[in-house]
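So you can see what is in the structure, the chains are spelled out below.
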Amino acid sequence: MAELSTVARPYAEAMFAAAREDKAGLDFWAGLMNQMAQAAANPDVRAAMSDPRLGDADRVQAFTGLLQGEVPPAVRNFIALLVENDRLLLLPEIAVQFGALKNRHEGTAQADITSAFEMTPEQVKDLLTALELKFGLKLKPRVTVDSSLIGGVRVAVGDQVLDTSVRAQLARMRDTLAA
């Protein structure tokens, strides 16, 4: 997976630079990037874009036709560049990196919170307040439930993980006893 992110990074950075200069705003561009990523991740689209009978111009036309609304010229050029370099199917990874660049620019980050039980909005808010102090960032929560944690929560912000779940505590105890 590291290879995909390495190849996708310059494309994400180029789109982010273009988006920062555009008056439509970063939110518009993030939505457009996500829309392109969803289209590129569709198995039927992937198969069609890999069809050797299609020329580059046909691929660009077909792919832009899948997008909702008016496609800005910069996006059409970006799609043409991806098609020309045979990188169109990297759009899901490019969109992920674009989102990370946007979050960094805005001083925010995605917090993936996994809980053993359903959390109330108040519990999520209290947890976010504590996490924002720890990380020094405004966090956007994405909460999921995983009963295999037994109890507690597991929080991932970027490459940092805080695991206070009962399952993690039991694993640490097992490792300590086995040593």
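Figured I'd write up the structure that's included with this text. Please read these numbers as outputs of a predicted model, since none were measured by experiment. (Residues numbered from 1 in each chain as written. Predicted model: local features only at pLDDT ≥ 70, side-chain atom pairs only at ≥ 80, totals over all residues. Heavy atoms only, no water.)

**Some words on helix 2 (residues 26-41)**
Our working definition: A run of DSSP states H or I qualifies as a helix once it reaches four residues; a run of E qualifies as a strand once it reaches two. Both are numbered from the N-terminal end. One less than the number of residues in a helix, times 1.5 Å, gives the span that helix is expected to have. With a 1.4 Å probe rolled over the protein chains alone, any residue whose accessible area is under 20% of its type maximum counts as buried; one over 50% counts as exposed, and the rest are partly exposed.
When the terminal C-alpha atoms of helix 2 are compared, their 22 Å separation across 16 residues agrees well with the 22 Å that a helix rising 1.5 Å per residue should span. For helix 2, the full list of buried residues reads Leu-26, Trp-29, Ala-30, Leu-32, Met-33, Gln-35, Met-36, Ala-37, Ala-39 and Ala-40.

**Here's the deal with the side chain of Glu-93**
Operational definition: Counted as positive: Lys and Arg. Counted as negative: Asp and Glu. His and the chain ends are not counted at all. Between Lys or Arg on one side and Asp or Glu on the other, a salt bridge is scored when a side-chain nitrogen of the former is within 4 Å of a carboxyl oxygen of the latter. In this analysis, two residues are considered to be in contact whenever any of their non-hydrogen atoms come within 4.5 Å of each other.
If you trace the backbone, Glu-93 turns up in helix 6 (residues 91-106). Arg-9 provides the closest opposite charge to the buried, salt-bridge-free Glu-93, at an N-O distance of 7.1 Å. If we skip the residues at most four places from it in the chain, Glu-93 touches Leu-4, Ser-5 and Ala-8.

**Focus: the sheet that holds strand 1 (residues 108-115)**
Strand pairing in a sheet takes place through backbone hydrogen bonds and is either antiparallel or parallel in direction. The condition is simple: Strands pair, by our definition, only if DSSP identifies at least two bridges between them. The angle between two axes is taken between their N-to-C directions and runs from 0 to 180 degrees, where each axis is a line fitted to C-alpha atoms and a helix contributes only its stretch in contact.
The strand order 2-1-3-4 describes an open sheet built from 4 strands, whose pairing is mixed. In this open sheet, the two strands that pair with only one neighbour each are strand 2 (138-145) and strand 4 (160-163). Geometrically, the sheet is characterised by an average inter-axis angle of 20 degrees between neighbouring strands, direction not taken into account. Direction of pairing for strand 1 relative to strand 3 (residues 153-157): antiparallel, over a ladder of 5 bridges. In the strand pairing of strand 3, Asp-112 is matched with Ala-156. The strands touched by helix 7 (residues 121-135) within the sheet are strand 1, strand 2, strand 3 and strand 4, with strand 2 carrying the most contacts at an inclination of about 135 degrees.

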